[in-house]
Each structure stands twice: as structure tokens, then as C-alpha cells.
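Commentary on secondary and tertiary structure
One-letter residues, chain by chain:
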Amino acid sequence: MRRLTLAGNTTVITGAASGMGAELARRLAATGVNLALLDHNAQALASVAADLPGTVTTHIVDLRDDEAVVAAAAEVTAAHPRINALITCAGSSMLGSLDQLTMEEMRWLVDVNLWGTVSITKALLPALHARPAAHITHLASVYALAAPAGRIPYSMSKFAVRGFSEALRHELEGSTVTVGAVYPAGVRTGIILHGRYAASIDPAVAARAASAQAAMYHTEPTDAAARIIRATERRSIRTMVGREARLIDVLTRVAPNRYWRVMRGALRQATDTTTPVS
């Protein structure tokens, strides 16, 4: 398969105002890649873009709004005639058990993590098809491989992103556009610390659970970004990021019915959103 040349072409990044999206933007801009950066946070996005060299455009959009996504995609394609990569980083996390979460809270997360990914991919697909070679990289999660307690809406949204990526890859087979998914775990981006939690949870309990999970993360964002960029250039189908992701990938395949027994102990504090903080 033809390797993708990112330098001199445009990569579109969603969720570019912070975390993994911002780290990817910094790293790609430094290597001569033109960028179209999307996020709902105008101030934070402008701050990221201000420090980047080269051709960079910013586009403020709520990915839950389909009409706004179509309009943003039109802006992007008008400004960038050579789009050959899309990396979808936009997303959030959510803590809480099923009885703690409301349907509205769960729908919000699925709208952000899943439907936002589907919407921007659909809107930009014609521009990607116009290039001799193009690749879509969807950030899934290790929780698209393993589903822990206390993470139902997050896990189900990421399992769905995984399914979307695989089905779209098969649908586009034989075209110039390829699709891959990245499964990060243990990356120190702060997503879990800045994510949402059920309104019914004591904030101190939620903070403890989030901190317990964050303490388990070992992969630096710079290392994760390098791996994601390499996966995009190589048009990889399935990429694990972080040692925890590689371990969980093996564990869920070797013991698909029993992996939670192994994970439960390690994640005990990180999944406990009921015990009061003493």
C-alpha cells in the first residue's frame, strides 16, 4: 500500500484545542504539514494555533451539530485543496455506574465520541476521495477492547467507533482512502481528570476515582503522538499506543470471558464511584 506523504499536504485534526489533538498539531506543524484544526473551544484553539508554524486554519464547531459540521467541512476544503489525512481526537470521558448516570448524560457522551466522529468523517470523505491517497485515523481507546465497570457510556461509544472504523474500512476497500483505528491506553493527556462524571456522584469521590486512574498512566503525549503519526503515514489498520494497550489487547483475546477478573484489582479505586472519601 502506498505510504502517505503528510508534509506539503493538509491533515485535519478534531479536538485540536487540547490533549492528544494539540500534541499532534504541534508535532505535525513542525514537520511541514498544513493543518486544519477543529474544536468547540475557540480560545484554547487559538492559543494552540498561535504557536504553530506554516499554514494553519482554525474552525470552531460543535461536532454534535450535523449542520455545523457540514459548514465547517466546507470551510476546511475551501482553504485546503490537498487534504490527505483526517485524525479524529475529539472526545470526552465520563465516570459513573448505570444507576448513577442519567440517559441525558449518556446520550451527550455518545453524541460527542461517536456521532461527532461519524459526522466529520462523512463530511470530509469527498475531499479525501479527491486525493491519490488518503487515510483516516480514528482515535478509539483501549476501552474499545475491554469494558470496565463504571465506564459504560465511554466504553460503548468507543466500541462503536471501533465498529464504525472497521465497517468503513471494508466499505472503502479498493478506493484511494484507507481507514485505521488507534487504541491508546495510559497516555498522560489529562482527559480523565477533565472529563465528566454523573451529577449524582459526590465530586470528591469522582475526583478520587479519576486521580486513581490517572496515576496508572505511563505514556507521554509526545510518544503517543509520534506513534499516531507513524500509523497515519503507514496507513495502519490497528495500532496500540502504550504498554497497557498492548497487554489488554492480548488479554482480551486470550481470555475474552475472564479478562475483567484480571483488570478488576488494578482498577478497583479507579472504578469505585460510590465509596465516600474519608
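All values derive from a computational prediction rather than experimental measurement. (Residues numbered from 1 in each chain as written. Predicted model: local features only at pLDDT ≥ 70, side-chain atom pairs only at ≥ 80, totals over all residues. Heavy atoms only, no water.)

1. As for the pattern of salt bridges
For the structure shown, the criterion picks out six salt bridges. With its nearest N and O atoms 2.6 Å apart, the salt bridge here joins Arg 238 to Asp 249. Taken together, the residues span a long stretch of sequence, with Arg 238 in strand β9 (residues 238-241) and Asp 249 in helix α9 (residues 243-254) at a distance of eleven residues. Residues Asp 249 and Arg 253 are paired through a salt bridge, measuring 2.6 Å at the closest nitrogen-oxygen approach. You can see Asp 249 and its partner Arg 253 sitting in helix α9, four residues apart, about one turn around the helix. Classification of Asp 249 by relative accessible area gives buried; the value is 7%. Arg 253 sits in the exposed class, given a relative accessible area of 57%. Salt bridges sharing partners connect three or more residues here, namely Arg 238, Asp 249 and Arg 253. (Salt bridge = Lys/Arg side-chain N within 4 Å of Asp/Glu carboxyl O. Helix = DSSP H or I, 4+ residues; strand = E, 2+ residues; numbered from the N terminus. Buried < 20%, exposed > 50% of the residue type's maximum accessible area, 1.4 Å probe, protein only.)

2. Remarks on the packing of aromatic side chains
What the rule picks out here adds up to one aromatic pair. The interplanar angle of 85° and the centroid separation of 6.3 Å between the aromatic rings of Tyr 143 and Tyr 154 together place this pair among those described as edge-to-face. One end of the pair, Tyr 143, is in the loop between β6 (134-139) and α5 (152-171); the other, Tyr 154, is in helix α5, and eleven residues separate them in sequence. Pair check on accessibility: Tyr 143 and Tyr 154 agree, each one buried. Between the NZ or CZ atom of Arg 196 and the centre of the ring of Trp 108, over which it lies, the distance is 3.6 Å. It is Arg 238 that lies over the ring of Tyr 183; its NZ or CZ is 5.4 Å from the centre. (Phe/Tyr/Trp six-rings, centres within 6.5 Å; stacked < 30°, edge-to-face > 60°. Lys NZ or Arg CZ within 6 Å of the ring centre and 35° of its normal.)

3. A few points about the environment of Glu 244
Tracing the backbone shows Glu 244 in helix α9. Separated by 102 residues in the primary sequence, Glu 244 and Val 142 place their C-alpha atoms 8.2 Å from one another.

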